[in-house]
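Observations on the three-dimensional arrangement
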Amino acid sequence: MTNNCHPELVSGTKIGIIMDTITNIMIVGVGGQGALLASKTLGQVLMDAGYDVKVSEVHGMSQRGGSVVTYVRFGEKVYSPIIDKGEADFIVSFELLEAARYAEYLKPNGKIVVNTQKLDPMPVLTGAAEYPADLVNELKGKGFDVEDLDCLTLATEAGSSKAVNIVLMGRLSKFMDFPESSWLSAIEKLVKPAFLEINKKAFALGRK
C-alpha cells in the first residue's frame, strides 16, 4: 500500500498572539468518519488566530475503511508539514484501535482525545484476528494521558451520528487556548446552513 501525502500551507495575519514553539496535532481515524471536516475546522480556528499553519493529509486505503491521518502543525513559523514519532502534543482519534496504532507519536506530556467507538478492521471482519479488549485502560496503563468520550452517542443526541467529528473538536477545544467563539465561528464558515445547528450542538456536547 502506498500512502500519498498532500501538504497544504495556509497563513493568517497575526492578531497579537506570539508563539515561539510549534504545536503538533494528529487527527487519526478510518475513512469516511469525517476527519477532513475536523482538520478544516481546526485549521480555520488556527488561521483566524493568525498562526502559520501546515496541514498534511495522508490517505491510506480509506475507501476500504483504512487509516486516514491528518497532521496539523502551527506556530509563529512552520516549515515542515510532517509529525514524527514522539512529537505530537495531541492525538485526536475517531476510533479506539486507531488511537492505539498511533500512540507512539505522542510526546511524553501529550494527550490523546479518543472516541470510544469501535470499528472492526478487515482482519477482525474476516475472523483472522480479534479486536483488542479494554484499549483505553491499556493505553492509560502504559502512561498515556487519555481523554475518552462516547462521541457517537453525543453526536446522535445532537441530531446526527455523522457529527462525531465536531463532538471531538468540542472535546479538543477544552485543552486549547482559544475561546469557544472562535470554534463556533469556524463551524459557521465551514458547515452548510441546514446542518449548522446540529453541529453547534455537537460541539457544545463534546466541550461539556
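In the block above lies the structure referred to throughout.
Now for a description of the structure that goes with this document. (Residues numbered from 1 in each chain as written. Predicted model: local features only at pLDDT ≥ 70, side-chain atom pairs only at ≥ 80, totals over all residues. Heavy atoms only, no water.)

Our focus in this paragraph is helix 5 (residues 151-158). Three- or four-residue spacings in an α-helix give side chains the same orientation, since the helix completes a turn every 3.6 residues. By the burial criterion, the buried members of helix 5 are C151, L154, A155 and A158. Take helix 5 and look down its axis: the buried residues cluster within an arc of 100 degrees, on one side only. As for helix 5, its buried residues are in contact with strand 6 (106-115), strand 7 (145-149), helix 6 (164-173) and helix 8 (196-207). Looking one or two residues past helix 5, G159 carries a phi angle of roughly 130 degrees, positive in sign. (Buried < 20%, exposed > 50% of the residue type's maximum accessible area, 1.4 Å probe, protein only. Helix = DSSP H or I, 4+ residues; strand = E, 2+ residues; numbered from the N terminus. Arc of directions from axis to C-beta. Contact = heavy atoms within 4.5 Å.)

Let us now look at the packing of helix 1 (residues 35-48) against helix 6. To describe two helices that pack against each other, one gives the angle between their axes and the distance between the axes. Where helix 1 meets helix 6, the axes come as close as 9 Å, and the angle between the chain directions of the two elements is 35 degrees. Crossing of helix 1 against helix 6: the hand is right-handed. Each of L37, A38, T41 and L42 in helix 1 lies in contact with helix 6, whose residues at this interface are N165, I166, M169 and L172. Residue composition of the contact of helix 1 with helix 6, by class: 6 nonpolar, 2 polar and no charged. (Axes fitted to C-alpha atoms, helices over the stretch in contact; angles between N-to-C directions. Left-handed = near helix turned anticlockwise from the far one by under 90°. Nonpolar A, V, L, I, M, F, W, Y, C, P; charged D, E, K, R; others polar.)

What follows deals with the packing of aromatic side chains. Counted according to the given criterion, the structure contains 5 aromatic pairs. When the ring of F74 is compared with that of F178, the centres are 6.3 Å apart and the planes differ by 55 degrees; the resulting orientation is tilted. Taken as a pair, F74 in strand 4 (residues 67-75) and F178 in the loop between helix 6 and helix 7 (180-190) lie far apart in primary sequence, 104 residues in all. Taken as a pair, F74 and F178 share a single burial class, namely buried. Centre to centre, the rings of Y102 and Y105 are 5.9 Å apart; their planes meet at 50 degrees, and the pair counts as tilted. Like Y102, the residue Y105 is buried in the burial classification. (Phe/Tyr/Trp six-rings, centres within 6.5 Å; stacked < 30°, edge-to-face > 60°.)

This part takes up the environment of I198. Mapped onto the elements, I198 comes out in helix 8. The partly exposed category is assigned to I198, whose relative accessible area is 24%. Taking C-alpha positions, I198 is 9.3 Å from E157, a pair spaced 41 residues apart along the chain. Ignoring any residue separated from it by four or fewer positions in sequence, one finds I198 in contact with A158, G159, S160 and A163.

One finds I25, I27, L42, M176, F178 and W183 to be the most contacted residues of the largest nonpolar core, which totals 39 residues. It is helix 6 that provides the largest number of residues to this core, a total of 6 residues. Beyond its immediate sequence surroundings of up to four residues, F178 is in contact with V45, L46, A49, Y51, F74 and W183. Within the second largest apolar cluster, 22 residues are counted, among which are V28, Y102, A103 and V146. (Core = buried A, V, L, I, M, F, W, Y, C linked by side-chain atoms within 4.5 Å.)

Attention now moves to the pairing of strand 4. Counting buried residues in strand 4 gives 9 out of 9 residues, a clear majority hidden from the surface. On strand 4, burial covers both faces: S67, V69, Y71, R73 and G75 on one face and V68, T70, V72 and F74 on the other are all buried. In this structure, strand 2 (residues 23-30) lies alongside strand 4, joined through 8 bridges in antiparallel fashion. The partner of V28 across the bridge, within strand 4, is V69. (Pairing = 2+ DSSP bridges.)

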